[in-house]
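Chain by chain, the residues run as shown.
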Amino acid sequence: MSGDRSERGQEAMEERRPQPGERYRHFKNKLYQIITVAVHSETKEELVIYQALYGEFTIYARPLSLFISEVDREKYPDIQQRYCFEKVEQGAKTVYSKEDEVCKTEDFVVNPVKEEPASAFPDRIQVLTGFLDCDSYGEKLEYLRDKKKYMDDRMMDDISFALDIVIEEGELEDRIRTLENCLKTFSRYEGSRLR
């Protein structure tokens, strides 16, 4: 009997296991993105490595068992969320207050250009890899302009993380413009370094 309970507990843990790139809302209403699940070298305990999507974008580690645990109802009786971290579904847009204290998600759908079938769109990893493979910032800028229609907020987050820059949340077009301006600036400095 206890073996059945243990198996069900293990199945539930696997079902709630976070995957890289997924976003989760903490019960205190902050948003985080999963980087990976790592294994502690000494204890072999699984640790969730995740990054804040606000403020300084700090990276944290928390034991998997705590990450997927339920909210302590005795300590936090007014919290509506069942689990400490709950997954935010793909296609949800993050909205922050001015103080970055409260966030909510709103459902929205990114519709590709209608005249092209979905199969005509390259894989997002392909687009991201192509961008990162460009040899210079000028090439990256041209590549971005060429692939602009394939960009989404997640790709913008990935690119800004790879370039070690911060592109604030907001309308996608504004974020793309900010990235273009950064690449133009980097390109100018890149060219002056060679002189």
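Note that the structure is a prediction, hence the values are computed from the model and not measured.

*Asks:* Where do I start with the confidence of the model for the chain in this structure?
*Replies:* Keep in mind that low pLDDT regions are not for reading the predicted coordinates in detail. Residues of the chain with pLDDT of at least 70 account for 73%, and the chain-wide mean is 77. Every residue in residues 94-121 scores below 50 in pLDDT, and together they form 44 contacts with partners more than four places removed in sequence or on other chains.

*Asks:* Would you take a moment to explain the sheet that holds strand β5 (residues 85-88) for this structure?
*Replies:* Think of a sheet as strands paired side by side through backbone hydrogen bonds, with each pair either parallel or antiparallel. Strands sit in the order β4-β3-β2-β1-β5 across an open sheet of 5 strands; the sheet is antiparallel. Every other strand in the sheet has two partners, leaving β4 (59-63) and β5 as the edge strands with one partner each. Pairwise comparison of adjacent strand axes, ignoring direction, gives a mean angle of 40° for this sheet. Here strand β1 (residues 23-26) runs beside β5; their pairing, made up of 4 bridges, is antiparallel. Bridge assignment links R25 to a residue of β5, and that residue is E86.

*Asks:* I'm lost on unusual backbone geometry in this one. Help?
*Replies:* What is expected of a backbone is that most residues other than glycine have negative phi and most peptide bonds are trans. For N29, which is not a glycine, the phi torsion comes out positive at approximately 75°. Following the sequence through the fold, N29 ends up in the loop between β1 and β2 (31-39). Accessibility expressed as a relative area gives 22% for N29, which makes it partly exposed. A positive phi angle, close to 65°, is found at K44, a residue other than glycine. On the accessibility criterion, K44 (58% relative accessible area) is exposed.

*Asks:* I'm lost on the environment of E14 in this one. Help?
*Replies:* Considering the arrangement of structural elements, one finds E14 in helix α1 (residues 2-15). Overall, E14 belongs to the partly exposed group, its relative accessible area being 42%. Put simply, E14 and I68 are 54 residues apart on the chain and 9.8 Å apart in space, counted from C-alpha to C-alpha.

*Asks:* So what exactly am I meant to see when it comes to the nonpolar core here?
*Replies:* Generally speaking, a soluble globular protein has its nonpolar side chains buried in company with each other. Among the nonpolar cores identified, the biggest contains 18 residues, and F131, M151, I159, L163, L179 and L183 are the most heavily contacted of them. Elements represented by at least two residues in this core include exactly α3 (124-133), α4 (137-147), α5 (153-163) and α6 (172-193). With 4 residues, α5 is the single largest residue contributor to this core. Not counting residues up to four positions away in its chain, the partners in contact with I159 are L128, F131, M151 and L179. In terms of nonpolar packing, the next biggest core, distinct from the first, is built from 14 residues, Y24, F27, L64 and F67 among them.

*Asks:* In this structure, what is going on with the packing of aromatic side chains? I would like to understand it.
*Replies:* Each aromatic ring pair is described using two quantities: the centre-to-centre distance and the angle formed by the ring planes. Following the criterion strictly, the structure yields 11 aromatic pairs and no others. Taking 5.8 Å as the distance between ring centres and 70° as the angle between the ring planes, the aromatic pair formed by Y32 and F85 counts as edge-to-face. Placement of Y32 in strand β2 and of F85 in strand β5 is noted, with a sequence separation of 53 residues between them. The same class applies to Y32 as to F85, namely buried. Grouping aromatic residues by their ring pairs yields a cluster made of Y24, Y32, Y50, Y54, Y60, F67 and F85. Against the face of Y83 rests R16, its NZ or CZ located 3.6 Å from the ring centre.

*Asks:* Quick question: what am I supposed to make of the pattern of salt bridges here?
*Replies:* Working definition: two side chains of opposite charge can pair if their charged atoms are close together. Enumeration according to the criterion identifies 11 salt bridges in this entry. Residue E70 is joined to R82 by a salt bridge in which the shortest nitrogen-to-oxygen separation is 3.1 Å. Pair noted here: E70 is in the loop between α2 (64-67) and β5 and R82 is in the loop between α2 and β5, with a separation of 12 residues, a long-range link. Between R145 and E180 there is a salt bridge whose closest N-O contact spans 4.0 Å. Here E180 lies in helix α6 and R145 lies in helix α4, a separation of 35 residues in the sequence.

So, how was this worked out
Residues numbered from 1 in each chain as written. Predicted model: local features only at pLDDT ≥ 70, side-chain atom pairs only at ≥ 80, totals over all residues. Heavy atoms only, no water. pLDDT = per-residue confidence, 0-100. Contact = heavy atoms within 4.5 Å. Pairing = 2+ DSSP bridges. Helix = DSSP H or I, 4+ residues; strand = E, 2+ residues; numbered from the N terminus. Axes fitted to C-alpha atoms, helices over the stretch in contact; angles between N-to-C directions. Buried < 20%, exposed > 50% of the residue type's maximum accessible area, 1.4 Å probe, protein only. Core = buried A, V, L, I, M, F, W, Y, C linked by side-chain atoms within 4.5 Å. Phe/Tyr/Trp six-rings, centres within 6.5 Å; stacked < 30°, edge-to-face > 60°. Lys NZ or Arg CZ within 6 Å of the ring centre and 35° of its normal. Salt bridge = Lys/Arg side-chain N within 4 Å of Asp/Glu carboxyl O.

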